[in-house]
Amino acid sequence: MDLKGNRAHSSPWRSVAPRRWWRRAAARPTLLVIAASVVGAALAAAVLFGARWTPSGGDGTWVSAGVRVVLNAVSDSGQQGAAARPLATVPDPSDRLLGGLLSPDLDDRSCLSRYGVAAYRRPSMHPLSSHLVSALRRYESLHRLCGPGTPAYSRAVQRLRAPTTNGSDPSSEECSYLVWTPTAGLGNQILSLTSAFLYALLTDRTLLLHRGGDDLDDVFCEPFPGSTWLLPTNNNDDASFPIRDMKRLTIGAPESLGSVLGRHDGSSSSAQQQQQPWMYVHLRHDYKAHDRLFFCDDVQAGLLRRVPWLVTMADNYFAPGLFLVPRFEAQLARMFPRRDAVFHHLGRYLFHPSNTVWGMVTRYHGSYFARAHERVGVQVRMFKWAPISVDELYAQILSCVHRENILPLPGISTAANTTTRWRNKAVVFASLYSDFSDRLRDLYGGDDKEEVVSVFQPSHLGAQHFGDRVQNQKAFAEMTLLSFADVAVTTAASTFGYVSQGLAGRRPWVLARPDHGKAPPPGAACRMAPTVEPCFHSPPNYDCRANARGDSGKTVRYIRHCDDFPQGVQLVE
């Protein structure tokens, strides 16, 4: 929560015109009772959702997200079906469609997790915008029209294969496309793919996945009804897809946005005179100055809008950068009145474990979590750029879980605590190494499930292998399992942790980064994340208006630097 942002605004109730409101209530005793009930419900909602402030209207006033839901609901009933609708509502926990986030037009059997995973997670407390729901339904219709196997797709591929030389009006293109190419590990891929989907929503492009291998096969379910999101490159009809070797595209490629702008001294108006049938957008962490112009309004409006096919490769959660583009601002504000739940909503919409992965998840849950009173997830990652010994990191984990009352101090008698908050906690570790879970299991008495704390680890592969389908399946199963936890501890700057916390919609305790190989002091071992949003590790840091370097963390109120990775930025509320 952005406390500075909250203090910058006057009381949210000043715009309610209290004197006139209470005079009408006094004249109508029945309305007084209703008004009192509304205020009570509003206050309850404020407590339920926390002090989450959203714009009340054009007069600059703000109200909490919970109060807004109640006030809008009362307003709707008073207007008897008038055009006013709640800006956002919290989905009913029993709704298998998550308040309309999910489409009902998909087969349960082909993806058992899609409508079943909500029964395992804590209910989401993040309001869902009706504008986002409408945008998703529109996109699904677009994907059915333009997706692989459709006449429109065949015509688009043919035009890509034999483009016209005189250019064309972008409005004359029946369908336009964004082709996502994977890179880095699964966590990075999930975050960059979510960002790509958000860009497709904003620009009316059809999102397609270029796999380049089998490492993503049988990891996720298809997210869109009536069509596939996989770019068909391995069958007879599309074996000769015009854009070849997409995984080899890299920074400086002649077809890249950066190279095109570089040939025209960074001028998008000059570059757009030369119509291109496709363009590569390089958004990896090593992108250069001209590549970063992707986040500038004139490049989006003048150049990229005219290119029917975009291919992108990213290892970043670049969604916060889209909030820096003025032309997207109004649309994003309608879809996400709470900007700190972008990945939470889009991630739960897009990423559902395949039936193979879901089988792993349910087996893990049945073995580890099902009988626990409280579920604790601990995700540990050691980075070469932030070295720390196993002993130091284990001591830091203990300092965190004990200081923050996540786990009890060892030696507490089970018999003496059968009615206390410590009884029957299940801890699941997600790590490449077993050292930490082995030590914690020994600390709490081994595998005896009658102990106060039970410790488990589904896998410990020792090293991350890129392009490994089985490892990706296990990784996504563990990300999903961690999203079921009531309390989570994650590693700073880990995309694995970002995915699990985003799917859960709950802020984790984040282990602080080591300082020159040493763990922080016990009092600073971990801190609660300020938001469930992932961090954009490599923001553009470019001021498009001034055509000069800038600070993406100081451009708009709702984007600030990340606590766990200060060079990066993230969306906050």
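Residues numbered from 1 in each chain as written. Predicted model: local features only at pLDDT ≥ 70, side-chain atom pairs only at ≥ 80, totals over all residues. Heavy atoms only, no water.

Description of unusual backbone geometry
Although it is not a glycine, Ala 493 sits at a positive phi angle of roughly 70 degrees. In this structure Ala 493 comes out as buried when scored by relative accessible area, which is 5%. In this model, His 516 sits at a positive phi of 55 degrees, which is unusual for a non-glycine residue. The topology assignment puts His 516 in the loop between strand E13 (509–511) and strand E14 (526–528). (Buried < 20%, exposed > 50% of the residue type's maximum accessible area, 1.4 Å probe, protein only. Helix = DSSP H or I, 4+ residues; strand = E, 2+ residues; numbered from the N terminus.)

What about the nonpolar core?
Counting 99 residues, the largest nonpolar core has Phe 197, Leu 198, Leu 207, Phe 294 and Phe 476 as its most contacted members. In terms of nonpolar packing, the next biggest core, distinct from the first, is built from 26 residues, Ile 397, Phe 436, Val 455 and Cys 526 among them. (Core = buried A, V, L, I, M, F, W, Y, C linked by side-chain atoms within 4.5 Å.)

Some details on the packing of aromatic side chains
This model, assessed by the stated rule, comprises 25 aromatic pairs. Here Tyr 199 and Phe 294 contribute two aromatic rings whose centre-to-centre distance is 5.1 Å and whose plane-to-plane angle is 50 degrees, an arrangement assigned as tilted. Here Phe 294 lies in the loop between strand E7 (278–283) and helix H10 (297–303) and Tyr 199 lies in helix H7 (residues 186–203), a separation of 95 residues in the sequence. The class of Tyr 199 is buried, set by a relative accessible area of 2%. (Phe/Tyr/Trp six-rings, centres within 6.5 Å; stacked < 30°, edge-to-face > 60°.)

Comments concerning the pairing of strand E11 (residues 453–456)
Every second residue of E11 is oriented toward a common face, with Val 453 and Val 455 on one face and Ser 454 and Phe 456 on the other, all of them buried. Inspection of the sheet shows strand E10 (residues 425–430) paired to E11 by four bridges, in the parallel sense. The residue of E11 that forms the bridge with Lys 425 is Val 453. (Pairing = 2+ DSSP bridges.)

Focus: the packing of helix H5 (residues 130–146) against H7
Following both chains from N to C, one finds H5 and H7 inclined at 85 degrees, their axes separated by 10 Å at the closest point. As judged from the angle between their axes, H5 and H7 are roughly perpendicular. Across the interface between the two elements, Ala 135, Leu 136 and Tyr 139 from H5 touch Phe 197, Ala 200 and Leu 201 from H7. Considering only residue class, the contact of H5 with H7 consists of six nonpolar, no polar and no charged. (Axes fitted to C-alpha atoms, helices over the stretch in contact; angles between N-to-C directions. Parallel < 35°, antiparallel > 145°, perpendicular 65-115°, else oblique. Contact = heavy atoms within 4.5 Å. Nonpolar A, V, L, I, M, F, W, Y, C, P; charged D, E, K, R; others polar.)

What about the sheet that holds strand E5 (residues 177–181)?
Taken together, the four strands give an open sheet; going across it, the order is E6-E5-E8-E7, and neighbouring strands pair in parallel fashion. Looking along the sheet, the strands with just one partner apiece sit at the ends: strand E6 (206–209) and E7. Taking each pair of neighbouring strands and ignoring which way they run, the sheet shows an average axis angle of 25 degrees. Summarising the sheet, E7 and strand E8 (residues 309–314) pair through six bridges and their orientation is parallel. Bridging from a neighbouring strand, His 282 pairs with Met 313 of E8. Each of E5, E6, E7 and E8 is contacted by helix H6 (residues 151–161), which is oriented at about 85 degrees to E8, the strand it contacts most. Strands E5, E6 and E8 of the sheet are contacted by H7, whose axis makes an angle of about 175 degrees with E5.

Quick word on the sheet that holds strand E9 (residues 374–379)
With respect to topology, six strands assemble into an open sheet ordered E11-E10-E9-E12-E13-E14, the strand pairing being mixed. What marks the edges here is a single partner per strand, and that holds for E11 and E14. Between one strand axis and the next, the sheet turns by 20 degrees as a mean value, whatever way the strands run. In the sheet, E13 pairs with E14 via three bridges, with the strands oriented antiparallel. In the sheet register, Trp 509 faces E14, and the bridge partner there is Met 528. Contacting strand E12 (487–491), E13 and E14, helix H15 (residues 390–403) runs over the sheet at an angle of about 155 degrees to E13.

Topic: the confidence of the model for the protein
Overall, the predicted model of the protein reaches an average pLDDT of 82, with 77% of residues at or above 70. Predicted confidence for residues 1–36 stays below pLDDT 50, and this span has 28 contacts to residues more than four positions away or in other chains. For the stretch residues 42–85, pLDDT sits under 50, and the model shows 78 contacts to residues farther than four places along the chain or on other chains. (pLDDT = per-residue confidence, 0-100.)

Overview of helix H18 (residues 495–504)
Counting buried residues along H18, 10 of its 10 residues qualify, which places the element largely inside the surrounding structure. Every buried residue of H18 is accounted for by Thr 495, Phe 496, Gly 497, Tyr 498, Val 499, Ser 500, Gln 501, Gly 502, Leu 503 and Ala 504. For H18, the secondary structure elements touched by its buried residues are H7, helix H13 (342–350), E9, E10, helix H17 (469–482) and E12. Once H18 finishes, Gly 505 follows within two positions and takes phi at roughly 75 degrees, a positive value.

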